[in-house]
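Here's the letter readout for the chains.
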Amino acid sequence: SDPGGRESRLTLDLEIPAERTATELRVRAHNVRGILSETARIRLHYESPERDLYLLALGVADYEDDDLDLAYPSSDVADLVERFRAEEGGHYTRVHSGVLTDDEVTPGRLKRRREEFLRRAKPDDTIVVFAAGHGVRSDSGEYYFLTPSTSPDDPYDGIERGLLESMVTWDRLYAKRRVLLIDTC
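Not measured: the values here are computed from a predicted model.

1. Observations concerning the overall build of the chain
Here comes step 1: When helices and strands are tallied, the chain shows three helices and nine strands.
Here comes step 2: The N-to-C order of helical and strand elements in the chain reads β-β-β-α-β-α-β-β-β-β-α-β.
Here comes step 3: The C-alpha atoms of the chain give a radius of gyration of 26 Å, which is well past the 16 Å a tight globule of 185 residues would have.
Here comes step 4: Classification of the 185 residues of the chain by burial places 33% in the buried group.
Here comes step 5: Put simply, of all contacts in the chain between residues at least 6 apart along the chain, 61% involve residues at least 24 apart.
Here comes step 6: When the accessible surface of the chain is summed, it comes to about 12,400 Å², and 45% of that surface belongs to carbon and sulfur atoms.
Here comes step 7: If you average the places of the 26 positive and of the 37 negative side-chain charges in the chain, the two averages end up 15 Å apart.

2. Examining the sheet that holds strand β3 (residues 52-59)
Here comes step 1: Across the sheet, four strands lie side by side as β4-β3-β5-β9; this open sheet has parallel pairing. Edge strands, defined here as strands with exactly one partner in the open sheet, are β4 (94-101) and β9 (177-183). Between one strand axis and the next, the sheet turns through 10° on average, direction left out of account.
Here comes step 2: Where strand β5 (residues 126-132) meets β9, seven bridges bridge the pair, whose relative direction is parallel. Within β9, the position partnered with Val129 by the bridge is Leu180.
Here comes step 3: Sheet strands in contact with helix α1 (residues 73-85) are β3, β4, β5 and β9, and its direction is about 170° off that of β3.
Here comes step 4: Along the sheet face, helix α2 (residues 107-116) touches β3 and β4 and points at about 170° away from the line of β4.

3. Some details on α1
Here comes step 1: Across its 13 residues, α1 extends 18 Å between first and last C-alpha, which sits within 8% of the 18 Å expected from 1.5 Å per residue.
Here comes step 2: In this fold, the buried residues of α1 make contact with β3, β4 and β5.

4. Let's talk about the nonpolar core
Here comes step 1: Core analysis: the biggest nonpolar cluster contains 28 residues, and Leu56, Leu58, Leu110, Leu118, Ile127, Phe145 and Leu164 have the highest contact counts within it.
Here comes step 2: Mapped onto this core, the elements with two or more residues apiece are β3, β5, β7 (143-145) and α3 (161-169).
Here comes step 3: Of the residues forming this core, the biggest block, four residues, is contributed by α3.
Here comes step 4: Residue contacts for Leu164: discarding those within four places in its chain leaves Leu58, Leu110, Ala131, Tyr143, Phe145, Ile159, Leu180 and Ile182.
Here comes step 5: Grouped together as the second largest cluster of nonpolar side chains are 12 residues, Leu55, Ala57, Phe84 and Val95 included.

5. Some remarks on the sheet that holds β7
Here comes step 1: Pairing within the open sheet is antiparallel, and its three strands lie in the order β6-β7-β8. Each end of this open sheet is capped by a strand with a single partner; those strands are β6 (135-137) and β8 (159-160).
Here comes step 2: Sheet topology note: the β6/β7 ladder contains three bridges and is antiparallel. By the bridge assignment, Gly135 is partnered in β7 with Phe145.

6. What about the pattern of salt bridges?
Here comes step 1: Within this structure, the stated rule accounts for 11 salt bridges.
Here comes step 2: Of the charged contacts, one joins Glu24 and Arg41 as a salt bridge, the two residues approaching to 3.4 Å between their closest N and O atoms. On the criterion of sequence distance, the pair formed by Glu24 in strand β1 (residues 22-27) and Arg41 in strand β2 (residues 40-45) is long-range, its members being 17 residues apart.
Here comes step 3: In this structure, Glu116 engages Arg112 in a salt bridge whose closest nitrogen and oxygen atoms are separated by 3.3 Å. Residue Glu116 and its partner Arg112 are located together in helix α2, separated by four residues, close to a single helical turn.
Here comes step 4: A relative accessible area of 47% means that Glu116 is categorised as partly exposed.

About the cut-offs
Residues numbered from 1 in each chain as written. Predicted model: local features only at pLDDT ≥ 70, side-chain atom pairs only at ≥ 80, totals over all residues. Heavy atoms only, no water. Helix = DSSP H or I, 4+ residues; strand = E, 2+ residues; numbered from the N terminus. Rg over C-alpha atoms; globule rule 2.2 N^0.38 Å. Buried < 20%, exposed > 50% of the residue type's maximum accessible area, 1.4 Å probe, protein only. Contact = heavy atoms within 4.5 Å. Areas by Shrake-Rupley, 256 points an atom, 1.4 Å probe, with all protein chains shown as cover. Lys, Arg positive; Asp, Glu negative; His and termini not counted. Charge placed at Lys NZ, Arg CZ, Asp CG, Glu CD. Pairing = 2+ DSSP bridges. Axes fitted to C-alpha atoms, helices over the stretch in contact; angles between N-to-C directions. Expected span 1.5 Å × (residues − 1). Core = buried A, V, L, I, M, F, W, Y, C linked by side-chain atoms within 4.5 Å. Salt bridge = Lys/Arg side-chain N within 4 Å of Asp/Glu carboxyl O.

Spelled out as structure tokens, the structure:
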């Protein structure tokens, strides 16, 4: 307060390292005459909000046309799930994972996972969708993620780009943070 009894306020934004859960600030004020106040100690306690991760991982390695078979999509999916699960109890309170591989990867199942799995994510949660396998463009330039029964010559029963993107852009998803990772040619 100044001599006239009026209170003065000053607002500061301080960055405190994320790993710190408790911080003590020592504050001293001085007036225009240079008179210093007593040191005030302020203890801040930070509790990180509960944030969950919803990971949907798709991997197609086994195609009906054996010439299209790939070595790594299944292991890439497993490795990514394992890596994100290691974040449980750290950056994320819980890690929820959904995995679709090979014959499980269909447009219908993808839509069901979007509706029944990804919609469970709350606004502070994070959605990560990962797709590994073959990706091709049709003659008109439209992108398709190939499912096991499709081929570069006939990709039309595969996963259309719009459906794949909707896994993170759909307006009925609540999570603010959404990431789409595509590992295709």
